[in-house]
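Residue-level structural notes
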Amino acid sequence: MEFLARQSRLFCPFLNKTSPATLRALSASPAAANGVSNLQVAARECPVMGAAMAVQSSRSYATSTKPLHFEQSSQAMANETSIDSVHAKAGVFDTSKGICKHGLAVMKAAQGVTGEAAEKEAPIKTASYPMKLQSNTFNYEDFYQAELTKKHKDKSYRYFNNINRLAKEFPKAHTASEVERVTVWCSNDYLGMSKNKEVLKTMRNTLEVYGAGAGGTRNIAGHNRHAVELEAALADLHSKESALVFSSCYVANDATLSTLGSKLPDCVIFSDQLNHASMIQGIRHSGARKVVFKHNDLVDLENKLKSLPIEVPKIIAFESVYSMCGSIAPIEEICDLADKYGAITFLDEVHAVGMYGPRGAGVAEHLDFEAHASGRPENTVMSRVDIITGTLGKAYGCVGGYIAGSAKFVDMIRSLAPGFIFTTSLPPSIMAGANTAIEYQKTTIQDRAAQQLNTRYVKAKLAELDIPVVPNPSHIVPVLVGDAETAKIASDMLLDRFNIYVQAINYPTVPVGEERLRVTPTPGHGAKLADNLVNALETVWTELGIKRVKDWEAVGGLAGVGVKGAKPVHPIWTDAQLSLTPVTGVQADKVVVEKETISAIPIEAAA
C-alpha cells in the first residue's frame with residue numbers, strides 16, 4: 001500500500017494534494033472486513049486510479065474478484081480516441097505540460113484487459129494481432145495537430161518570413177523573390193558586422209585554407225589555432241583569466257548553469273524574473289533549488305538572499321540588457337549583494353557585447369567607461385563579475401557563444417559540461433571571423449555611436465506621434481501593441497504594403513497582453529529609412545486603431561508605457577561618451593562621432 005500511496009500522490013487528480021501523512025493513515029485503516037483500506041476505497045472513486053487498480057487486481061489474482069462495473073469502465077476507456085476526454089472526466093483540465101503519463105498507462109492497461117477478455121472468447125490469430133494493436137495505439141499525428149491548434153487558437157503560432165539579408169545592400173534583404181527588396185528593422189546583427197569587409201575577408205581566406213567544417217568535438221580533431229586565438233581574445237575583452245567557446249550562447253548558458261548547479265553542494269540559484277529561456281533551462285537541468293526574484297528588484301533579491309545561511313553556495317543569474325524590453329540590470333548593486341551574502345554572479349551580456357563600453361565588452365565595462373578606455377580594468381564593476389557569458393551571433397555578426405571567468409572555473413566547465421564536451425566545434429572560418437569582429441570593435445566606437453544615435457532618432461520620432469515605446473536606456477525599441485493577433489496583422493501590413501520587415505513578438509517571449517514589435521536600428525538605418533519606418537507605423541497604428549500612449553495612460557499604463565509619475569529614462573550612452581575624442585586603444589581615424597553630431601539626427605556608419 002505504500003507504493004500505491006506514492007503513486008496516488010504522483011498521478012491521481014483527486015489525491016495529489018493530500019499530505020503523505022494522510023495517505024499513510026488512509027492506507028493503514030481498513031474500511032471493511034476483507035482488508036480493503038480506506039485509501040483503496042477512495043482511489044476506486046477516481047476514474048483514473050480506479051481503472052488502474054482494477055487492472056492490477058485482474059493481473060494479480062486468478063479469481064474473478066473485479067470491482068463492480070470494472071469491465072464496462074475499462075472497455076469505455078479503451079475505446080477513447082483521446083486521452084483528453086479521460087482527463088476531462090477526471091476533472092483535470094490543464095494538460096498544458098503534455099499527456100498525463102499515468103492516464104496513458106491506464107489507457108494501455110485498459111486496452112490490455114479488453115484484449116484479455118476477447119482472448120477468452122476466441123483465440124487471436126497471429127496475423128490479426130498487430131492489426132488489433134495498431135487500431136488502439138496512440139495517435140501521434142493527432143497529438144501534434146492538437147498542440148498546433150492550441151497555438152493557432154491563442155494567436156501565438158509563429159510564422160517565418162523568407163528574408164534573405166544582402167551583404168552588399170545592408171540593411172536591405174530580398175524575399176522569396178530575389179527581385180523584391182525589403183528593409184530589415186528587427187535584426188540582432190546590431191552593428192552590421194556580418195557584412196564587414198575585414199570579417200568577410202578573414203572568413204574567405206580561412207575557408208580556403210582549412211575547409212568548411214571543424215572535423216569533430218574539441219576533444220576529437222576540433223581543437224585548433226582558431227579556437228585558441230578566439231578564446232584568448234574573449235578573455236582579454238572581459239579582462240578575465242580564461243574563456244571557452246560554445247556552439248551558441250543558449251548552449252553556453254544551459255551547459256554552464258546546469259553543471260555549476262549540479263556540482264556545487266546544496267546550491268541555490270537566484271534567477272531574475274525576466275531571464276532568458278537558456279538560463280531557465282540550465283537552472284532546471286541542474287536540479288538545484290531555484291529562487292526567482294522580481295525583475296531588477298534589489299530589495300526582493302536581498303530579502304531572498306538573506307534567508308539562507310552565508311555558507312550555502314549561491315549563484316545570482318541575470319542579464320545586462322533584457323532584449324524584449326530593453327531594461328538594464330543594476331550590475332554594481334547586484335555585485336554588492338553577492339559579496340554581502342556569499343554568492344557568485346552569472347552575467348549574461350548577450351545583447352550588450354559589441355554594443356557598450358569603449359572596447360565593446362558590454363554594460364559591465366560601460367559602467368567604468370573612462371577606466372577601461374584608459375586601459376585600467378582593475379577594481380571595476382566588470383572585474384567584480386564572476387562569470388560573463390556572451391554571443392558571437394549578434395553585434396559581432398557571426399555565430400557561437402562563450403563564457404569568461406577564472407581559469408579554474410573555465411577548466412571545470414570544459415572538463416564536465418556535456419554541452420561542451422559532446423558538441424562539434426565551430427568551423428575554423430566562423431571562429432576566425434568572430435575573432436576579427438571582436439578585435440575590430442575593440443579599436444573603434446564608430447559603429448556603437450552611430451547605432452545609439454539612430455536609436456535616439458527613432459525613439460524621438462515615435463514619441464512625437466504618441467506611438468508607445470517601452471521606456472528603456474538601451475538600443476532596443478519595443479513598440480507596444482498589446483494583442484497577439486493585432487501584432488501579427490501590423491507586422492504583415494508593414495511587410496506587404498511598405499516593404500518593412502519587423503517581426504511581431506508574442507507569448508511566450510513576452511507576457512500575454514504585452515505583445516509588441518521589436519525594432520532594432522543599426523548604423524545603416526539612416527534618416528531616410530528611419531522616416532519611412534515612422535511614417536509606416538503611423539499609418540498602421542491609425543488604420544488598426546492600436547492604442548497610443550494616451551490610451552495606455554487612461555487604463556493605468558502597461559509595461560512602463562503610460563505610467564503617470566514615472567521617472568524619465570535616460571540612455572546609458574551619455575552625450576559625453578558619444579562625443580569622445582580618440583582615447584588610448586582607440587584608433588583616431590575610425591572615430592567619426594564628434595560633439596556637434598550629438599543630437600537626434602542619425603548617421604550612417606561606414607562599412
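Here the structure is a predicted model, which is why all the values come from computation and not from measurement. (Residues numbered from 1 in each chain as written. Predicted model: local features only at pLDDT ≥ 70, side-chain atom pairs only at ≥ 80, totals over all residues. Heavy atoms only, no water.)

For the protein, the helix and strand inventory stands at 27 helices and 14 strands. Buried positions account for 48% of the 607 residues belonging to the protein. Across the protein, contacts joining residues at least 24 apart in sequence account for 69% of those joining residues at least 6 apart. For the protein, the accessible area works out to roughly 29,100 Å², and carbon and sulfur atoms hold 54% of it. (Helix = DSSP H or I, 4+ residues; strand = E, 2+ residues; numbered from the N terminus. Buried < 20%, exposed > 50% of the residue type's maximum accessible area, 1.4 Å probe, protein only. Contact = heavy atoms within 4.5 Å. Areas by Shrake-Rupley, 256 points an atom, 1.4 Å probe, with all protein chains shown as cover.)

Moving on to the packing of aromatic side chains. Enumeration according to the criterion identifies six aromatic pairs in this entry. A centroid spacing of 4.9 Å and a plane angle of 75 degrees characterise the contact between Tyr157 and Tyr159, whose relative ring orientation is edge-to-face. The exposure class of Tyr159 is partly exposed, given its relative accessible area of 41%. Seen in terms of ring centroids, Phe369 and Trp573 are 5.5 Å apart; in terms of plane orientation they differ by 75 degrees. Their pairing is edge-to-face. Highlighted residues: Phe369 in helix α18 (residues 369-373) and Trp573 in the loop between α26 (549-554) and α27 (575-578), separated in sequence by 204 residues. Members of the aromatic cluster, each reached through a chain of ring pairs, are Phe138, Tyr140, Phe143 and Tyr144. The aromatic ring of Tyr159 is capped on one face by Lys488, whose charged end is 4.5 Å from the ring centroid. (Phe/Tyr/Trp six-rings, centres within 6.5 Å; stacked < 30°, edge-to-face > 60°. Lys NZ or Arg CZ within 6 Å of the ring centre and 35° of its normal.)

Two elements in contact, helix α13 (residues 249-263) and helix α20 (residues 407-416), have axes separated by 10 Å at closest approach and are oriented at 100 degrees. In terms of axis orientation, α13 runs roughly perpendicular to α20. Touching Thr256, Thr259, Leu260 and Lys263 of α13 are Phe409, Met412, Ile413 and Leu416, all from α20. (Axes fitted to C-alpha atoms, helices over the stretch in contact; angles between N-to-C directions. Parallel < 35°, antiparallel > 145°, perpendicular 65-115°, else oblique.)

Among the secondary structure elements, Gln451 is positioned in helix α23 (residues 446-464). Reaching out from Gln451, the side chain makes a polar contact with the side chain of Thr455 at a distance of 2.9 Å. Reaching out from Gln451, the side chain makes a polar contact with the backbone oxygen of Pro521 at a distance of 2.8 Å. When sequence neighbours within four positions are dropped, the list of residues in contact with Gln451 reads Tyr190, Leu191, Met355, His475, Pro521, Thr522 and Pro523. (Polar contact = N/O pair within 3.5 Å; in protein donor to acceptor, adjacent residues only side chain to side chain.)

Attention now goes to the nonpolar core. Phe270, Ile316 and Ile331 are the most contacted members of the largest nonpolar core, which has 71 residues in total. Residue contacts for Ile331: discarding those within four places in its chain leaves Phe318, Ser320, Leu347, Val363, Ala364, Leu367, Val381 and Val385. With 33 residues, the next largest nonpolar core counts Trp185, Val477, Ile500 and Trp541 among its residues. (Core = buried A, V, L, I, M, F, W, Y, C linked by side-chain atoms within 4.5 Å.)

What follows is about empty space enclosed by the protein. Under the criterion given, the structure shown has two cavities of 30 Å³ or more. In this structure, the largest cavity occupies an estimated 80 Å³ of space. Lining the largest cavity, in full, are Arg218, Val245, Phe246, Ser247, Gly419, Phe420, Thr423, Thr424, Ser425, Leu426 and Met431. Sorting the residues of the lining of the largest cavity by element identifies β4 (242-246) and α21 (418-421) as the ones contributing at least two each. Tallied by class, the residues present in the lining of the largest cavity amount to five nonpolar, five polar and one charged. (1 Å grid on protein atoms, 1.4 Å probe; cavity = no way out; pocket = protein on both sides within 12 Å on 5 of 7 lines; lining within 4 Å. Points joined across faces, edges and corners; volume = space filled by probe spheres on them. Nonpolar A, V, L, I, M, F, W, Y, C, P; charged D, E, K, R; others polar.)

Here we take up the pairing of strand β9 (residues 387-391). Most of β9 is tucked away, with five of its five residues classed as buried. Both faces of β9 are covered, namely the face carrying Ile387, Thr389 and Thr391 and the face carrying Ile388 and Gly390. Pairing geometry for β9 and strand β10 (residues 401-405), over four bridges, is antiparallel. In the strand pairing of β10, Ile388 is matched with Ala404. (Pairing = 2+ DSSP bridges.)

Turning our attention to the sheet that holds strand β2 (residues 172-174). Taken in spatial order, the four strands of this open sheet run β1-β2-β3-β12, and their pairing is mixed. Two strands lie at the open edges of the sheet, namely β1 (164-165) and β12 (500-501), each paired on one side alone. When strand β3 (residues 181-184) meets β12, the two strands line up parallel, connected through two bridges. Paired with Val184 across the strands is Tyr501, a residue of β12.

Let's shift gears to the pattern of salt bridges. Oppositely charged side chains can form a pair if their charged atoms are brought close together. Counted under the stated rule, the structure contains 20 salt bridges. Notably, a salt bridge pairs Lys150 with Glu147, separated by 3.0 Å at the nearest N-O pair. Residue Lys150 and its partner Glu147 are both found in helix α9 (residues 140-153); the two are separated by three residues, about one turn of the helix. The exposure class of Glu147 is partly exposed, given its relative accessible area of 27%. (Salt bridge = Lys/Arg side-chain N within 4 Å of Asp/Glu carboxyl O.)

This part takes up the sheet that holds strand β13 (residues 504-505). Across the sheet, three strands lie side by side as β11-β14-β13; this open sheet has antiparallel pairing. Unpaired on one side and paired on the other, β11 (477-480) and β13 mark the two borders of the sheet. Judged from the two bridges that link them, β13 and strand β14 (residues 516-519) form a sheet pairing that is antiparallel. In the sheet register, Ala504 faces β14, and the bridge partner there is Leu517. Docked against the sheet, helix α24 (residues 484-498) engages β13 and β14, running at close to 45 degrees with respect to β14.

Moving on, we get to unusual backbone geometry. Of note, the bond from Phe170 into Pro171 is cis; its omega dihedral lies within 30 degrees of zero at 5 degrees. Residue Tyr507 is joined to Pro508 through a cis peptide bond whose omega torsion reads 10 degrees. Residue placement: Pro508 occurs in the loop between β13 and β14. Within the chain, Asn296 stands out as a residue other than glycine whose phi angle is a positive 55 degrees. Tracing the backbone shows Asn296 in the loop between β6 (289-293) and α15 (298-305). The exposure class of Asn296 is partly exposed, given its relative accessible area of 22%. Its identity as a non-glycine residue notwithstanding, Asn499 has a phi of 55 degrees, on the positive side.

Attention now goes to the environment of Glu515. Counting through the fold element by element, Glu515 comes out in the loop between β13 and β14. By relative accessible area, which is 3% here, Glu515 ends up buried. Sequence-wise, Glu515 and Val479 are 36 residues apart; in three dimensions their C-alpha atoms are separated by 8.8 Å. Excluding residues that lie within four positions of it along the chain, Glu515 makes contacts with Leu480, Val481, Gly482, Asp483, Ala484, Ala487, Ile505, Asn506 and Val510.

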